[in-house]
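Single-letter residue listing:
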Amino acid sequence: MTDLETARLSRPSDTETPLLAVELIGICKQFPGVVANDGVNFELRCGEIHALLGGNGAGKTTLMNILCGWYEPDAGEIRLFSRPVRFHSPRDAIAAGIGMVHQHFMLVESFTVADNIILGQRSGILKEDEKRLHTRLKAVSNQYGLQIDPAAEVWHLSVGEQQRVEILKTIDRGAKILILDEPTAVLTPQEVEELLGVLRRLAEQGTSIIFISHKLNEVMAVCARVTVLRDGRTVGTVETKDCTERQLAQMMVGREVSLSRTQAPSQPGEPLLTLKNVWVESDRGIPALRGVNLTVHAGEIVGIAGVDGNGQRELEEAIASLRPLNQGKIMLNGTLAHIPSDRYGMGLLSDFSVAENSVLREIRKPPFNQHGFLNLQAILEYALQLVQQFNIRTPSVKIPAGKLSGGNAQRIVLGRELSQNHQVVLAAQPTRGLDISAIEYIHHQLIAQRHEGAAVLLISTELEEILRLSDRIAVLYEGKIVGIVDAHEADVHHLGLLMAGKVSCGS
Ligand SMILES: Nc1ncnc2c1ncn2[C@@H]1O[C@H](COP(=O)(O)OP(=O)(O)OP(=O)(O)O)[C@@H](O)[C@H]1O
Ligand SMILES: [Mg+2]
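Residues numbered from 1 in each chain as written. Chains lettered and ligands numbered in written order. Predicted model: local features only at pLDDT ≥ 70, side-chain atom pairs only at ≥ 80, totals over all residues. Heavy atoms only, no water.

Caption draft 1: How the structure looks around the overall build of the protein chain. Broken down by element type, the protein chain carries 17 helices and 21 strands. A globule of 507 residues ought to have a C-alpha radius of gyration of about 23 Å, and the protein chain, at 25 Å, matches this closely. Expressed as lengths along the three principal axes of its C-alpha atoms, the size of the protein chain is roughly 85 × 55 × 45 Å. Here the protein chain, with 507 residues, has 50% of them falling under the buried criterion. Restricting to contacts in the protein chain with at least 6 residues of sequence separation, those with at least 24 account for 69%. When the accessible surface of the protein chain is split by element, carbon and sulfur atoms take 51% of a total near 24,200 Å². For the protein chain, the centre of its 50 positive side-chain charges and the centre of its 59 negative side-chain charges are spaced 2 Å apart. (Helix = DSSP H or I, 4+ residues; strand = E, 2+ residues; numbered from the N terminus. Rg over C-alpha atoms; globule rule 2.2 N^0.38 Å. Buried < 20%, exposed > 50% of the residue type's maximum accessible area, 1.4 Å probe, protein only. Contact = heavy atoms within 4.5 Å. Areas by Shrake-Rupley, 256 points an atom, 1.4 Å probe, with all protein chains shown as cover. Lys, Arg positive; Asp, Glu negative; His and termini not counted. Charge placed at Lys NZ, Arg CZ, Asp CG, Glu CD.)

Caption draft 2: Molecular detail of the packing of aromatic side chains. Counted by the stated rule, this structure contains 3 aromatic pairs. Between F31 and Y71, the aromatic rings sit 5.4 Å apart at their centres with planes inclined by 70°, giving edge-to-face as the arrangement. Residue F31 is located in strand β1 (residues 20-31), and its partner Y71 is located in the loop between α2 (60-67) and β4 (75-80); the two are separated by 40 residues in the primary sequence. For F31, a relative accessible area of 28% gives the class partly exposed. Y71 gets classed as partly exposed once you look at its relative accessible area, which sits at 30%. Between F390 and Y441 the ring centres are 5.7 Å apart and the planes differ by 85°, which places this aromatic pair in the edge-to-face class. One end of the pair, F390, is in the loop between α13 (376-389) and α14 (406-418); the other, Y441, is in helix α15 (residues 436-451), and 51 residues separate them in sequence. Residue class for Y441 comes out partly exposed when judged on its relative accessible area of 24%. (Phe/Tyr/Trp six-rings, centres within 6.5 Å; stacked < 30°, edge-to-face > 60°.)

Caption draft 3: A look at the site of ligand 1. Around ligand 1, 19 residues are found, and the nearest of them are G57, G59, K60, T61 and T62. About the coverage of ligand 1: the protein hides 90% of its 640 Å² of free accessible area. For the shell around ligand 1, the elements supplying multiple residues, two or more each, are β2 (34-45), α2 and α14. For the shell around ligand 1, the leading source of residues is α2, giving 3 residues. Of the residues assigned to the shell around ligand 1, the class counts are 6 nonpolar, 10 polar and 3 charged. Of the residues that make up the shell around ligand 1, three or more belong to each of domain 1 (17-253) and domain 2 (271-499). (Near = heavy atom within 4 Å. Nonpolar A, V, L, I, M, F, W, Y, C, P; charged D, E, K, R; others polar. Domains from an automatic or database assignment.)

Caption draft 4: Geometry of the domain arrangement of the protein chain. Domain annotation for the protein chain reports domain 1 (17-253) and domain 2 (271-499). Relative to domain 2, the C-alpha centre of domain 1 lies at a distance of 30 Å. At the interface, 21 residues of domain 1 touch 18 residues of domain 2. Overall, the association of domain 1 and domain 2 removes approximately 1,400 Å² of surface from exposure, summing both partners, and the carbon and sulfur fraction of that is 54%. Across the domain 1-domain 2 interface, the total number found is 2 salt bridges. Our enumeration of links across domain 1 and domain 2 arrives at 5 residue pairs in polar contact (both at pLDDT 80 or more). Ranked by residues supplied to the side of domain 1 that touches domain 2, first place goes to helix α9 (residues 245-253) with 3 residues. Along the lines of polarity and charge, the residues of the side of domain 1 that touches domain 2 split into 8 nonpolar, 10 polar and 3 charged. (Buried area = accessible area lost by both parts, 1.4 Å probe. Salt bridge = Lys/Arg side-chain N within 4 Å of Asp/Glu carboxyl O. Polar contact = N/O pair within 3.5 Å; in protein donor to acceptor, adjacent residues only side chain to side chain.)

Caption draft 5: Representation of the packing of α14 against α15 in the model. Packing of α14 against α15 leaves a shortest axis separation of 12 Å and a crossing angle of 10°. It follows from the interaxial angle that α14 and α15 lie roughly parallel. In terms of crossing hand, the pair formed by α14 and α15 is left-handed. On α15, the residues that touch R411, L414 and L418 of α14 are A438, I442, Q445 and Q449. Residues of the contact of α14 with α15, tallied by class, amount to 4 nonpolar, 2 polar and 1 charged. (Axes fitted to C-alpha atoms, helices over the stretch in contact; angles between N-to-C directions. Parallel < 35°, antiparallel > 145°, perpendicular 65-115°, else oblique. Left-handed = near helix turned anticlockwise from the far one by under 90°.)

Caption draft 6: Local environment of α14. The first and last C-alpha atoms of α14 sit 19 Å apart over 13 residues, in line with the 18 Å expected at 1.5 Å per residue. Of all 13 residues making up α14, 12 are buried, and the element is well covered by its neighbours. All of the buried residues along α14 are G407, N408, A409, Q410, R411, I412, V413, L414, G415, R416, E417 and L418. (Expected span 1.5 Å × (residues − 1).)

Caption draft 7: Up close: the pattern of salt bridges. All chains considered together, the criterion is met by 20 salt bridges. Of the charged contacts, one joins D231 and R393 as a salt bridge, the two residues approaching to 3.1 Å between their closest N and O atoms. Residue D231 is found in the loop between β9 (225-230) and β10 (233-239), and its partner R393 is found in the loop between α13 and α14; the two are separated by 162 residues along the sequence. Residue class for D231 comes out partly exposed when judged on its relative accessible area of 48%. Exposure remark for R393: the relative accessible area of 35% places this residue in the partly exposed category. Taking the shortest distance from any N to any O, the salt bridge between R313 and E317 comes out at 3.5 Å. Within this pair, R313 and its partner E317 are both found in helix α10 (residues 312-319), separated by 4 residues, close to a single helical turn.

Caption draft 8: Geometry of the sheet that holds strand β14 (residues 327-332). Read across the open sheet, the 3 strands follow the order β12-β11-β14; overall the sheet is antiparallel. The sheet is open, and its two borders are formed by β12 (287-297) and β14, each paired with just one other strand. Each strand axis lies, on average, 15° off the axis of its neighbour in the sheet, ignoring direction. Looking at chain direction, strand β11 (residues 271-281) and β14 are connected through 5 bridges and run antiparallel. Residue pairing for β14: L273 is matched across the bridge by L332. Its contacts with the sheet put α10 on β11, β12 and β14, and the angle it makes with β11 is roughly 125°. (Pairing = 2+ DSSP bridges.)

Caption draft 9: Representation of the sheet that holds β2. With antiparallel pairing, the 4 strands of this open sheet are ordered in space as β2-β1-β4-β5. The sheet is open, and its two edges are formed by β2 and β5 (83-85), each paired on a single side. Geometrically, the sheet is characterised by an average inter-axis angle of 25° between neighbouring strands, direction not taken into account. Lying over the sheet, α2 contacts β1, β2 and β4, oriented at roughly 115° with respect to β1.

Quick look at the structure:
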């Protein structure tokens with residue numbers, strides 16, 4: 001017997017080092033002007049759900065893109081199940097058992113679920129295989145609690161269902177290591193619960209999972225350990241059972257953060273935004289808003305609470321004049337700042353520079369436009385000022401906005417919309433995908449707008465955010481306002497019932 005074998009046999013089992021699925025050692029990755037990963041160390045144990053946490057731009061997505069073969073690191077080593085590997089493409093990583101669910105799904109909408117899953121796996125399937133394939137996929141999805149119909153066409157599916165298809169795809173390709181980049185940012189609370197259940201089952205059956213999320217309650221609920229990144233470096237790895245949400249937040253940001261309600265009661269003034277009996281149709285031609293009446297006064301924040309898909313999107317678009325009304329009236333007393341829920345679709349032009357994006361709405365006005373000529377100097381100066389004021393992490397204002405991390409992209413939109421002193425502020429899901437310090441910052445900005453006399457309408461599926469910021473809360477359910485309550489009298493249980501359509505108050 002060799003020394004090593006003796007040592008192994010004599011080692012008590014409870015101190016045995018756990019098997020490692022992934023080791024990332026000293027990973028470095030630079031982009032022009034940015035060090036995205038600066039010697040990052042990270043370990044994933046077999047069968048563990050491990051959170052990767054960090055502020056916007058900390059380098060999480062970059063690190064995962066390196067692990068799944070999208071980028072090659074400038075330096076550092078990757079080991080899978082204790083063996084060094086080098087990936088030259090995502091294909092190499094998939095072959096090694098790594099599956100990644102990106103935040104922007106990569107499905108072909110006109111194909112069925114089953115066809116999407118086998119796409120790129122084999123050269124094609126024979127007709128008689130289709131039935132077998134469907135049966136097999138059904139069995140696999142049942143095994144993990146992933147309710148999906150293999151025959152459904154993808155364009156019919158909700159976002160949550162599409163995400164399940166992405167997960168099933170990675171399982172079907174034999175992924176032993178699953179990476180999810182902010183999977184819950186796009187889900188309803190019920191879908192989040194379902195997803196966390198699926199992840200637990202996958203882990204129980206041996207899959208090792210890396211979970212990126214800004215939501216600390218989810219991290220605490222489902223992860224055994226957490227690794228925190230800050231500015232491209234590893235701050236540390238802790239066990240969730242040994243720490244609190246507050247400690248995690250502090251590790252991420254490097255200081256105390258406070259997300260408690262601190263503002264004084266509002267002193268509402270005149271009505272600045274009024275909706276009277278507003279009826280609007282969805283893209284599919286079904287009534288999505290059904291007689292909405294609502295008034296927002298100067299100096300108050302009205303929160304629209306509700307489960308996603310109850311007319312929030314249509315309400316936002318109707319107020320922003322992006323969707324026609326079938327009936328009713330919307331009266332705006334002043335100009336509108338719009339922080340859109342779909343930041344890439346409506347908020348930003350990804351191929352345009354940070355500077356261009358920062359003046360998108362003012363591009364025809366002086367000083368940015370003088371006698372029909374763009375004043376580039378003025379645009380650059382203004383953009384630099386926004387970058388500083390809103391703490392946007394970018395190496396230069398000249399790079400395309402699409403290259404920024406998710407949270408930094410949102411800060412550009414916010415800076416652009418809030419720096420012009422509009423009378424009405426429409427903020428739709430303003431903190432989706434943002435880290436805690438960015439959320440704290442944006443909340444302060446919205447409260448500052450209210451303080452300066454703006455009428456703020458906040459549409460958010462985060463009930464906590466609604467409770468923290470609103471003076472009055474209106475609950476939207478199936479296109480109707482089913483209740484309006486004063487925030488300081490709001491009862492979470494009652495709001496939950498309203499949101500689920502179980503009660504209605506005086507409507
Ligand atoms: N392809 C790229 N080209 C240039 N810079 C990039 C590229 N990808 C990422 N970066 C930069 O690298 C840094 C890290 O970005 P990354 O997307 O990894 O952050 P993140 O931790 O995922 O942030 P978020 O929580 O906002 O998604 C950022 O400053 C970002 O602007
Ligand atoms: Mg990211």
